[in-house]
Amino acid sequence: QLQASGGGLVQAGGSLRLSCARSGRTSRTITMAWFRQAQGKEREFVSADFRSSRATYYADSVKGRFTISRDDAKNTVYLQMNSLKPEDTAVYYCAADQHLILSAIRTPDSYDYWGEGTLVTVSS
């Protein structure tokens, strides 16, 4: 089970940090990811921390502004979002999967577990 938090209203240029707590036993081999869905649009990939390699991946639209990290002791993954833009406004979802292959990390349907979304609104 995943529980996301940390969304809110922020002005353009501001920062927010999202958290996603995962229940269950600690696992270093699970892929954790963030997706977002703006109103009227499809869910899109934002970032992923890939399984035991801990390689991180980002959508081009957030590269250099967002940072994904995770704390295995707390079973939590974070998304630090800086230099936010109005186009970052969306509901943000965390996702997890134990057996994901690298080529599938950007595809929402590849993930078995999803948290409730948290709304991020960036005002201009």
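Residues numbered from 1 in each chain as written. Predicted model: local features only at pLDDT ≥ 70, side-chain atom pairs only at ≥ 80, totals over all residues. Heavy atoms only, no water.

## With respect to empty space enclosed by the protein
Okay, so step 1: Applying the stated criterion across every chain, the model contains one cavity of 30 Å³ or more.
Okay, so step 2: Within this model, the largest cavity holds a volume of roughly 50 Å³.
Okay, so step 3: Lining the largest cavity are Arg22, Ser27, Ile30, Met32, Arg70, Asp71, Asp72, Asn75 and Thr76. (1 Å grid on protein atoms, 1.4 Å probe; cavity = no way out; pocket = protein on both sides within 12 Å on 5 of 7 lines; lining within 4 Å. Points joined across faces, edges and corners; volume = space filled by probe spheres on them.)

## Notes on the state of the cysteines
Okay, so step 1: Tallying each qualifying case throughout the model produces one disulfide.
Okay, so step 2: Shown here is the disulfide that connects Cys20 with Cys94, its sulfur atoms set 2.1 Å apart. Residues Cys20 and Cys94 share a disulfide whose torsion about the S-S bond is about 60°; that sign makes it right-handed. Placement of Cys20 in strand E3 (residues 16-22) and of Cys94 in strand E9 (residues 90-97) is noted, with a sequence separation of 74 residues between them. No difference in accessibility class separates Cys20 from Cys94, as the two residues are buried. (Disulfide = S-S within 2.5 Å. Helix = DSSP H or I, 4+ residues; strand = E, 2+ residues; numbered from the N terminus. Buried < 20%, exposed > 50% of the residue type's maximum accessible area, 1.4 Å probe, protein only.)

## Let's talk about the nonpolar core
Okay, so step 1: By size, the foremost hydrophobic cluster in this structure holds 35 residues, and its most contacted members are Trp34, Phe66, Leu79, Met81, Tyr92 and Tyr111.
Okay, so step 2: Listed by contribution, the elements that provide at least two residues to this core are strand E1 (2-5), E3, strand E4 (31-37), strand E5 (44-50), strand E7 (66-71), strand E8 (76-81), E9 and strand E11 (118-123).
Okay, so step 3: If one sorts the elements of this core by residue count, E9 sits on top with five residues.
Okay, so step 4: Residue contacts for Tyr111: discarding those within four places in its chain leaves Thr31, Ala33, Phe35, Ala48, Ala95, Ala96, Asp97, Leu100, Ala104 and Ile105. (Core = buried A, V, L, I, M, F, W, Y, C linked by side-chain atoms within 4.5 Å. Contact = heavy atoms within 4.5 Å.)

## Describing the environment of Tyr78
Okay, so step 1: When you line up the elements, Tyr78 lands in strand E8.
Okay, so step 2: Its relative accessible area of 12% is what places Tyr78 among the buried residues.
Okay, so step 3: Separated by ten residues in the primary sequence, Tyr78 and Ile68 have C-alpha atoms spaced 5.6 Å apart.
Okay, so step 4: Once you skip the residues sitting within four places of it in the chain, Tyr78 turns out to touch Arg17, Leu18, Ser19, Trp34, Thr67, Ile68, Ser69 and Asp71.

So, to be careful, I would describe these as geometric facts and stop short of saying anything about function.
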